[in-house]
Amino acid sequence: LLPITEENKIEEKITCKDCDESQCVGNCCKVGVITNEELRNRIFNGETLENIFEEVGKWDNNGIACVTYNGLYNFINTKIQLISDEWFDNVYAFYEGFACVKLEGKGWNFMNQKGEIAFPNQWFDDAESFSEGFAKVKLKGQGWNFINQNGKYLKPNQWFNRVGYFRDGITRVKLDGKGWNFINQKGEYLSPNQWFDDVISFHNGYANVVLNGDSYY
């Protein structure tokens, strides 16, 4: 990054050394992000993480913590290294080896613990963390689906209006005009001939369902 001067402060941008695009949204054009080199230097000079970052989250079981800097998000490891060279507009914590991350202008994706974007050629309008090997993702104009860690959709030919999380291999899904149902991790409906007005996820082998105003298990 180039040093911030009064001139480029007023313009709220810095000169991009990696491209000539005036609308570049990479870190090269984001004012005020911190790099690993700068982080190392500031730690070496005696600054603490709490002094450097606006917020430092709790360390997870893999030795990773979320940090914020000038309103942007990243993660650090126990070696005090930034996980990603990119700073994100929003993030969720790591689950099953992946963090859900958002970049303005691109959307949502997933990042592994090496800082690599899982699906660089497919960004989503919304997404949530992995659960039992599947994450729910949303595409505008299509709806919700599930994607595994290899980038394969659970039901590529069927998108839903609402979905839940996988628990014990089963999740709930909703289709407008039909109602609620359950699917397994093969994408099979548990009750293909009977859809419900409402359902609550399975617990100890049973699920609460509502049909014509009556509740059943």
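As a reminder, the structure under discussion sits directly above these lines.
Heads up: these notes are all about the structure in this document.

What counts, and at which threshold
- Residues numbered from 1 in each chain as written.
- Predicted model: local features only at pLDDT ≥ 70, side-chain atom pairs only at ≥ 80, totals over all residues.
- Heavy atoms only, no water.
- Pairing = 2+ DSSP bridges.
- Helix = DSSP H or I, 4+ residues; strand = E, 2+ residues; numbered from the N terminus.
- Buried < 20%, exposed > 50% of the residue type's maximum accessible area, 1.4 Å probe, protein only.
- Arc of directions from axis to C-beta.
- Salt bridge = Lys/Arg side-chain N within 4 Å of Asp/Glu carboxyl O.

## Here we look at the sheet that holds strand E1 (residues 55-56)
Stage number 1. What the three strands build is an open sheet, ordered E1-E2-E3; its pairing is antiparallel. Each end of this open sheet is capped by a strand with a single partner; those strands are E1 and strand E3 (72-77).
Stage number 2. Bridge count between strand E2 (residues 64-69) and E3: six bridges; the pairing is antiparallel. Counterpart to tyrosine 69 in the pairing with E3 is leucine 72.

## A closer look at helix H2 (residues 36-44)
Stage number 1. Residues Asn36, Leu39 and Arg42 constitute the buried set of H2. The buried side chains of H2 occupy one side of the element, clustering within an arc of 125° when seen end-on. Relative to its buried face, H2 has exposed residues pointing more than 90 degrees away, namely Glu37 and Phe44.
Stage number 2. A positive backbone phi angle near 100° is found at glycine 46, which sits one or two residues after H2.

## Digging into the pattern of salt bridges
Stage number 1. This structure, assessed with the given rule, holds three salt bridges.
Stage number 2. Residue arginine 42 pairs with glutamate 38 through a salt bridge whose shortest N-O separation is 3.6 Å. Residue arginine 42 and its partner glutamate 38 are located together in helix H2, separated by four residues, close to a single helical turn.
Stage number 3. For arginine 42, a relative accessible area of 18% puts it in the buried group.
Stage number 4. With a shortest N-O distance of 3.9 Å, glutamate 128 and lysine 136 are connected by a salt bridge.
Stage number 5. By relative accessible area, lysine 136 is classed as buried at 9%.
Stage number 6. It is possible to trace a salt-bridge network through shared partners that takes in Glu38, Arg42 and Glu47.

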